[in-house]
Amino acid sequence: MNLRPLHDRVIVKRLDQETKTSSGIVIPDNAAEKPDQGEVLAIGPGKRNDKGDVAALAVKVGDRVLFGKYSGQTVKVDGEDLMVMREEDIMAVVEGAAK
């Protein structure tokens with residue numbers, strides 16, 4: 001990947017959504033909502049605070065995160081759709097998630 005995020009930005013790859021419900025009903029692709037989970041692929045160095053110091057990000061590469069449906073910007077890199085968002089757009093880190 002040739003993207004290096006700046007400041008407090010994060011590169012996230014959306015995780016594929018289940019296309020079958022627990023009862024076995026298959027959801028067609030056009031009816032499925034975009035997932036709100038993804039894996040962090042790259043992080044920026046952090047945002048400068050009022051004193052001019054760089055505050056490190058709370059997420060790290062490899063974290064599985066939750067974000068809002070309309071968060072960030074979608075970009076295509078090497079044929080792959082990725083999300084570029086600010087750290088503040090991430091709502092939570094999924095702890096103990098299988099990677």
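Use the structure listed above.
Conventions adopted
Per chain, residue numbering runs from 1 following the sequence as it is written. Predicted model: local features are reported for residues with pLDDT of at least 70 only, side-chain atom pairs are reported and counted for 80 or more only, and whole-chain, interface and lining totals are derived from all residues. Only hydrogens and water are set aside; all other atoms, that is, all heavy atoms of the structure, feed into the side-chain values. Note on conventions: DSSP H or I runs of at least 4 residues are helices, E runs of at least 2 residues are strands, and numbering of each starts at the N terminus. Remark: exposure states derive from per-residue accessible area (1.4 Å probe, protein chains only) relative to the maximum for the residue type, with buried under 20%, exposed over 50%, and partly exposed in between. We call two residues in contact when some of their heavy atoms are within 4.5 Å. Accessible surface is estimated by sampling points in the Shrake-Rupley manner with a 1.4 Å probe; for residues, cover comes only from the protein chains shown. Being paired, for any two strands, means DSSP has found at least two bridges between them. Axes here mean lines fitted to C-alpha atoms, for a helix over just the part in contact, with angles spanning 0 to 180 degrees between N-to-C directions. Basic side-chain nitrogens of Lys or Arg form a salt bridge, by our definition, when they fall within 4 Å of a carboxyl oxygen of Asp or Glu. Only buried residues count toward a nonpolar core, which is a set of Ala, Val, Leu, Ile, Met, Phe, Trp, Tyr and Cys residues joined through side-chain atoms within 4.5 Å.

Visitor: Residues and numbers for the overall build of the protein, please.
Guide: Along the protein, the regular secondary structure elements total zero helices and eight strands. Looking at the protein residue by residue over its 99 residues, the buried ones come to 25%. Here the analysis covers contacts within the protein between residues at least 6 apart in sequence; of these, 62% occur between residues at least 24 apart. Accessible surface, the protein: about 7100 Å² in total, of which carbon and sulfur atoms supply 48%.

Visitor: Before we move on, could you go through the sheet that holds strand 6 (residues 73-77) and cite the residues and values that matter?
Guide: Spatial strand order, 6-7-1-2-5-8: six strands in an open sheet with antiparallel pairing. For this open sheet the edge positions go to strand 6 and strand 8 (90-93), each flanked by a neighbour on one side alone. Put simply, the sheet's adjacent strands are angled 45 degrees from each other on average, direction ignored. Sheet analysis places strand 6 next to strand 7 (residues 80-86), joined by five bridges and oriented antiparallel. Bridge pairing in strand 7 links K76 to D81.

Visitor: I'd love a proper account of the pattern of salt bridges, names of residues and values included.
Guide: Once the charged atoms of two side chains with opposite charge are near each other, the side chains can pair. Tallied over the full model, the rule gives four salt bridges. With a shortest N-O distance of 3.0 Å, K13 and E80 are connected by a salt bridge. Of this pair, K13 sits in strand 1 (residues 9-14) while E80 sits in strand 7; the two residues are 67 residues apart in sequence, bridging distant segments of the chain. The partly exposed category is assigned to K13, whose relative accessible area is 33%. Between K60 and D63 there is a salt bridge, with the nearest N and O atoms lying 3.1 Å from each other. Judged by relative accessible area, which is 52%, K60 ranks as exposed.

Visitor: Mind laying out the nonpolar core, listing which residues take part and the relevant values?
Guide: In terms of nonpolar packing, the biggest core is built from ten residues, these being V10, V12, V40, L57, V59, V65, F67, M83, M85 and I90. Looking at this core, the elements with two or more residues in it are strand 1, strand 5 (64-67) and strand 7.

Visitor: Describe in detail unusual backbone geometry, supporting the description with residues and values.
Guide: Negative phi values dominate among residues other than glycine, just as trans dominates among peptide bonds. Not every positive phi belongs to a glycine, and H7 is a case in point at roughly 55 degrees. With respect to the helices and strands, the residue H7 is situated in the segment before strand 1. Its relative accessible area of 48% is what places H7 among the partly exposed residues. For D78, which is not glycine, the phi torsion reads 50 degrees and is therefore positive. By the element assignment, D78 lies in the loop between strand 6 and strand 7.

Visitor: So, the environment of D63: which residues are in play, and what are the values?
Guide: With respect to the element layout, D63 can be found in the loop between strand 4 (54-55) and strand 5. By relative accessible area, D63 is classed as buried at 6%. As for D63 and V12, which are separated by 51 residues in sequence, their C-alpha atoms are 9.4 Å apart.

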